[in-house]
Amino acid sequence: MPNSKQKSLQSRHQNLQQNLQQNITLLFISLAFVFIVSTLIKPYPLSWAVKLLPIVLLICVTWQQLTRLKTQQTHSTPLSHATFFLLGLMCSAIGDFILDYNREQWFIFGLGAFFVAHLFYLKSLSPFKNKHSKGITTVILLAYGIFGTIMFFLLKDGLGELFIPVLAYMGVLLLMAIATVFSAKSNVWLIAGGISFVVSDSLIGFDKFTAQLWQSQLWVMATYYFAQFALVKGYLSAINNTDES
């Protein structure tokens, strides 16, 4: 009977956790949707605050999960690098504020904030372990290499004084995306987050330095919010020792 009761309590706890995760996901989608749609009527007062809400939610969820895991002595996954992931989210939030508050004059500072964010993400994804065959590894590296080269040639003529900062940012962004594939924590959500981040920032770069895209903010923010959500989901899944892929 005690075993049966214990299993019942565990099942109830799992159901509560699942419902909570679903509610958080719906809340994130709702907050992200509100800002994405609001880009059609920008500028408006405090738009930066609306933009930050989905990322603040992800920060809170990540903080809560890391705090919970660190109190569980039986947890088998080392959490020494997990704090860096949280710092990456926080730097992203700083970058979001800067780019929305004064995109034209403060662009370089926003770029710097996201540069540091990707460095934190890189650290959080260590250690690295190639789980794939030599053929798959080659394809992945070639795909990112070719894409990065194409974007560089599309952007280079319009970069001007930002040539070196943007080139450095492109490098660390691609490294972060590749790291999601070769991290020991790698899973489908992390990989999807890396890809979506590259797509989002590529859209920003193309729109700013090459040619204006129709309703660019819609596509930029949709891919950006998905990227951050996927990275959080994938990372928390990995450190919880669950297979979300």
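Residues numbered from 1 in each chain as written. Predicted model: local features only at pLDDT ≥ 70, side-chain atom pairs only at ≥ 80, totals over all residues. Heavy atoms only, no water.

1. Regarding the layout of surface pockets
Applied cut-off: Grid points spaced at 1 Å and placed over the protein atoms alone form the basis of the search, with a cavity being a set where a 1.4 Å probe fits but cannot get out and a pocket an open set showing protein on both sides within 12 Å along at least five of seven lines. Lining residues have an atom within 4 Å of a point. Grid points are joined across faces, edges and corners, and a volume is the space filled by probe spheres set on the points. Secondary structure elements are taken from DSSP: a helix is a run of H or I of four residues or more, a strand is a run of E of two residues or more, and numbering for both begins at the N terminus. In this classification, Asp, Glu, Lys and Arg are treated as charged, Ala, Val, Leu, Ile, Met, Phe, Trp, Tyr, Cys and Pro as nonpolar, and every other residue, Gly included, as polar.
Computed from the structure, the second largest pocket encloses a volume of approximately 490 Å³. What lines the second largest pocket is a set of 19 residues, and nearest its centre among them are Lys 42, Arg 103, Glu 104, Ser 216 and Gln 217. Every element with two or more residues in the lining of the second largest pocket is listed here: helix H2 (47–70), helix H3 (82–101), helix H7 (188–209) and helix H8 (216–239). When its residues are assigned to classes, the lining of the second largest pocket shows 6 nonpolar, 6 polar and 7 charged.

2. Comments concerning the nonpolar core
Buried together is how nonpolar side chains tend to be arranged in soluble globular proteins. Put simply, the test is: Only buried residues count toward a nonpolar core, which is a set of Ala, Val, Leu, Ile, Met, Phe, Trp, Tyr and Cys residues joined through side-chain atoms within 4.5 Å. Here the term buried applies to any residue with accessible area under 20% of the maximum for its type, exposed to any over 50%, and partly exposed to those in between, with areas from a 1.4 Å probe on protein chains only. Note on contacts: a residue pair qualifies if any of its non-hydrogen atoms lie within 4.5 Å across the two residues.
Phe 197 and Tyr 225 are the most contacted members of the largest nonpolar core, which totals 59 residues. Setting aside residues no more than four positions away along its own chain, Tyr 225 makes contact with Phe 28, Ala 32, Phe 35, Ile 36, Val 50, Lys 51, Pro 54 and Ile 55.

3. Let's talk about empty space enclosed by the protein
Overall, the coordinates contain 1 cavity of 30 Å³ or more when judged by the stated rule. Taken as a whole, the largest cavity encloses approximately 390 Å³ of empty space. Every residue lining the largest cavity is counted, 28 residues in all, and those nearest its centre are Tyr 169, Asp 201, Ser 202, Ile 204 and Gly 205. Of all the secondary-structure elements, those providing two or more residues to the lining of the largest cavity are H3, helix H4 (107–125), helix H5 (134–159), helix H6 (163–182), H7 and H8. By residue number, the principal contributor to the lining of the largest cavity is H7, which donates 7 residues. Of the residues assigned to the lining of the largest cavity, the class counts are 18 nonpolar, 6 polar and 4 charged.

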